[in-house]
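Coordinate analysis (summary)
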Amino acid sequence: MKFELPPLPYAPEALEPVISAKTISFHHGKHHQAYVNNLNNLIVGTRFENATLEEIIRESDGGIFNNGAQVWNHTFYWEGLGGKGGTPAGKLLEKINASFGTFENFKAVFADAAAKLFGSGWAWLVEDQEGALKIVQTSNAGNPLRDGLKPLFTCDVWEHAYYLDFQNRRPDYISAFWDIVNWDKVAERL
């Protein structure tokens, strides 16, 4: 198999009480693993058989794109978590303040984008080609790389990301989500 499920960068219970170990077992162990398995099966004999995930995201369509992007999106999501939340520092905070006025305003705009995304998908903090930060929504397996944007941070708003812990209360999940963001990892992505 070309692609493998990356291990979590922390213990499954490390995100509690925001995201339970039970949710992690389904979300990482079942959903994320299924995307990896599906992608590996779909790329056999195609021009994407030896491609990177980024190439798959930028150049493929259909099932290969959907599964490849979901592998990338989920890995990126897990890596941005496991911190203590709070407020970022340094260049990241400066760029957030320059683009959104204040960190609190950024959080409000991001949370609104995540909460109001219809159906399943992702809310992203991205950097554009001019270095400005923006918030974008993508449906389903969408990924900002496809639009030439540099992802810095994401919130998964597929129901499997929060339903066991928050049921249908997506805004409550998003509100609690800030407590587990790893801002150091987000800052490394600049």
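You'll find the structure just up there.
Residues numbered from 1 in each chain as written. Predicted model: local features only at pLDDT ≥ 70, side-chain atom pairs only at ≥ 80, totals over all residues. Heavy atoms only, no water.

1. Observations regarding the nonpolar core
Counting 61 residues, the largest nonpolar core has Ile19, Tyr77, Leu81, Phe106, Phe110, Phe153 and Tyr173 as its most contacted members. Per element, the largest residue contribution to this core is eight residues, and it comes from helix α3 (residues 62–79). Contact partners of Tyr77, with chain neighbours within four places excluded, come to Ile19, His27, Trp122, Thr154, Cys155, Asp156, Ala161, Tyr173 and Phe177. (Core = buried A, V, L, I, M, F, W, Y, C linked by side-chain atoms within 4.5 Å. Buried < 20%, exposed > 50% of the residue type's maximum accessible area, 1.4 Å probe, protein only. Helix = DSSP H or I, 4+ residues; strand = E, 2+ residues; numbered from the N terminus. Contact = heavy atoms within 4.5 Å.)

2. Quick notes on unusual backbone geometry
Residue Pro17 is bonded to the preceding Glu16 through a cis peptide linkage, with omega at 5°. With respect to the helices and strands, Pro17 occurs in the segment before α1 (21–43). The phi angle at Asn140 is positive, at roughly 55°, despite the residue not being glycine. Structurally, Asn140 is set in the loop between β2 (133–139) and β3 (150–156). Given the relative accessible area of 43%, Asn140 is considered partly exposed. Positive phi outside glycine occurs at Gln167, with the angle close to 50°. Along the polypeptide, Gln167 turns up in the loop between α6 (163–166) and α7 (170–177). What makes Gln167 partly exposed here is its relative accessible area of 33%.

3. Description of the packing of aromatic side chains
Geometrically, a pair of aromatic rings is defined through the distance of the ring centres and the angle of the planes. The full count for this structure, using the stated rule, is 23 aromatic pairs. Ring centres of Trp122 and Trp124 lie 5.9 Å apart, and the angle between their planes is 35°; on these two criteria the pair is classed as tilted. A relative accessible area of 0% places Trp122 in the buried class. For Trp124, a relative accessible area of 0% gives the class buried. Note that Arg146 overlies the ring of Phe65, its terminal NZ or CZ placed 4.4 Å from the centroid. (Phe/Tyr/Trp six-rings, centres within 6.5 Å; stacked < 30°, edge-to-face > 60°. Lys NZ or Arg CZ within 6 Å of the ring centre and 35° of its normal.)

4. Some details on the environment of Leu8
Along the chain, Leu8 turns up in the segment before α1. Separated by 171 residues in the primary sequence, Leu8 and Asp179 place their C-alpha atoms 18 Å from one another. Sequence-distant contacts of Leu8, that is, excluding residues within four places in its chain, are made with Ile24, His28 and Trp78.

5. Side note on the pairing of strand β1 (residues 121–127)
Most of β1 sits out of view: seven of its seven residues are buried. Residues Gly121, Ala123, Leu125 and Glu127 point to one face of β1 and Trp122, Trp124 and Val126 to the other, with burial holding for every one of them. With seven bridges joining them, β1 and β2 adopt antiparallel strand pairing. Bridge pairing in β2 links Trp122 to Thr138. In this structure, the hairpin formed by β1 and β2 is closed by a connection of five residues, where Gly131 is found at a positive phi of approximately 90°. As paired elements, β1 and β3 share six bridges and run antiparallel to each other. The residue bridging Trp122 from the neighbouring strand is Asp156, located in β3. (Pairing = 2+ DSSP bridges.)

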